[in-house]
Each structure stands twice: as structure tokens, then as C-alpha cells.
Amino acid sequence: MGHEKQTLTRRDFFRNAAAAAAGASAISLMQCTALSQNPEKRSSRVILVRDEAALDAENQVNVVTLKKMLDNAVSAVAGEKKAAKAWKKLFKFEDTVGLVHSNALNKTHAELIEAVKSALVEAGVPQEKIVMAQQRDPDIVKTCTALICMPALKAHWLTGIGTVLKNYIMYSGKPRDYHAEDSAKLGEIWNLPFVQGKTRLCLVDALQPLCDKGPQVDPQYKWPYKGLIAGTDPVAVETVCLKIITVKRDLIKGEPWPLSPPPVCVEAADKTYGLGTSVWEEIVIDKRGWMQDVLV
């Protein structure tokens, strides 16, 4: 059977081209509409637990209250009702867990360190596999399969805020180098091969924060906030910490009292190093317990 030869006229060409363009525009419009209706949004949850009974009149820690606060915070982070189940969800029997606490300026309370150790042991982590990992020697952290970043909430004279992100600075082996450019490169340390991906929990001791930067502790800038701040996104946790410090400073002065140097490390940890979100609108704060002067 013969085949008829079809001739495409100039009018047909432009008609088909117009139809194709219209179809493409319709698809593009649908895609744009879908994107606008379902934008990709980051979201990080930060847990803030406070209890008026956490410290007594002399600022001594009530260990029973602290344990309840810790159980509350970790349960919320893990999405579990029972604290024991929450710890087991975050840490396994085979883990070597490094506790990275603040040991200078505003130190992590010893009572919190002991409470975390006890909780890990109760969850099945052997005592000998819980190590104090806040040391210069990176070989310590290399042996860890999991880390708990547990600094105390504080401002800092070299980084603006010296809480979560600065807490791993000793792992760099050259901490002085990380104070250039207003310490903008602190996030880089979290991406070192022997650190990256190991932090299962950020747990900030906010029992007695320090809102001015040192280098010596001035007691007038230390106050009984009586809180714990927890999450799995280090940048989001740091952003909440920064908000508390900033608001407290402004209240003390009765006017804006910005940190110096500016805490550029927080946004850089997000935008440059991809460690989490520093955008306030992308952070959900789950506030529990005592709400007086919560500041966020």
C-alpha cells in the first residue's frame, strides 16, 4: 500500500508551535502553583524545660527536680512518653557516648553531667563506654560513636555566644585559628570526619546562664533561669540560646545591648556549613514548665 505524503504548511507550523507553547505554559503554571502550595520548608523543634525548684535560694541544684527536667526534655526530643525509652531510642548498648561539656567561663553543672551518665547507664549503655570527651586530644572523640553536646548557656568575648557551636572548638587542634573573622568558621569543626554526624543530642545547661562575655565571670550578669534547652539541630538550639541571651541583655540595659563580637557563627553554621536552621520562623519551641521571664 502506498503512503500519502503530508505537507506541513507555514500556517500549520505556527499553529502547532502556538499550541505547544500554550501547553508548556499550562504545565509550567501548574508546577509553579504546586510549588507555591507546597513550598519546601525546614523545621526544627527545640525543647525548653524550666522549673522554679531547680535551684534553691543559694543557687544549689535540686537533683531530684533536675532529673525530672532532664527526663522531660529528652522524652520530648525523642518523641516518647517514657524517658527510659527515649534514651534507648537515641543511644544503643554498642555506642561509646562522649559527653562534651563546658569546662571554662560558665561551666556545665556537675549535677547535670551525673544525671546524664545515670540516665545512659539505666538505658543500657555500659559505664565504661561513657567518656568525658571535652579534651584537646581528638583521639578521644574518634573513639566515640555518639556525642552529647552539653554546654552551659553563655556569651563569650571571642565568639559573641559561646554555647553549642563553640563547644567543639578543641577538636580542631588549632582553636586560635577559629577566632578569626568573628569566629564565623566554627561550624566547619562540626563537619570534621571524626565529628560529623555523631551528635545525637544537644543539651544546654541553662540553669544559670551568663549573658555578658567575660573573660572573667561577672556575677551580676549570671542569673537563675532554671532551664534546660534540648534538640537535635545544633543551629536551632543555638539560635534559641542566642535569643535568650540577647533579650536578657537588652532588659538589663533598658535598650539594645548587642553582643560584641557579633555572633556571626550562628548564621554561618546554617548558610555555609549546613548544620541546621538559624531562621527563627523555622524553629518551633516546645516550652514546658515554669514560664516566668521565659524570654522567648
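Visitor: Could you clarify how one ought to interpret the side chain of Ser 75 in this entry?
Guide: With respect to the secondary-structure elements, Ser 75 resides in helix H2 (residues 63-78). Relative accessible area serves as the criterion here: at 8%, Ser 75 is assigned to the buried category. If near-sequence neighbours (up to four positions away) are discounted, Ser 75 is found in contact with Glu 80, Lys 81, Lys 82, Ala 83 and Ala 86.

Visitor: Looking at this model, I keep getting lost on helix H7 (residues 234-253). Mind explaining?
Guide: Given 3.6 residues per helical turn, the α-helix brings residues three or four places apart onto the same face. In a regular helix each residue adds 1.5 Å, so 20 residues correspond to 28 Å; H7 covers 29 Å between its end C-alpha atoms and thus fits that length. Taking the backbone nitrogen of Val 235 as reference, a side-chain oxygen 2.9 Å away marks Asp 233 as the first, capping residue of H7. At the C-terminal side of H7, Gly 254 shows a positive phi close to 75°.

Visitor: What's the story with the pairing of strand E5 (residues 152-156) in this structure? I'm lost.
Guide: Here is the key point about a regular strand: its side chains alternate between the two faces of the sheet. Of all the five residues making up E5, five are buried; the element is thus mostly covered by neighbouring parts of the structure. Side-chain alternation along E5 places Ala 152, Lys 154 and His 156 on one buried face and Leu 153 and Ala 155 on a second face that is also buried. The pairing of E5 with strand E7 (residues 199-210) spans two bridges and is classified as parallel. Counted as the bridge partner of Ala 152 is Asp 205 from E7. Strand direction decides the pairing type here: E5 and strand E6 (residues 160-161), joined by two bridges, are antiparallel. The partner of His 156 across the bridge, within E6, is Gly 160. Hairpin geometry of E5 and E6 is characterised by an intervening segment of three residues between the two adjacent antiparallel strands.

Parameters and conventions
- Residues numbered from 1 in each chain as written.
- Predicted model: local features only at pLDDT ≥ 70, side-chain atom pairs only at ≥ 80, totals over all residues.
- Heavy atoms only, no water.
- Helix = DSSP H or I, 4+ residues; strand = E, 2+ residues; numbered from the N terminus.
- Buried < 20%, exposed > 50% of the residue type's maximum accessible area, 1.4 Å probe, protein only.
- Contact = heavy atoms within 4.5 Å.
- Expected span 1.5 Å × (residues − 1).
- Polar contact = N/O pair within 3.5 Å; in protein donor to acceptor, adjacent residues only side chain to side chain.
- Pairing = 2+ DSSP bridges.

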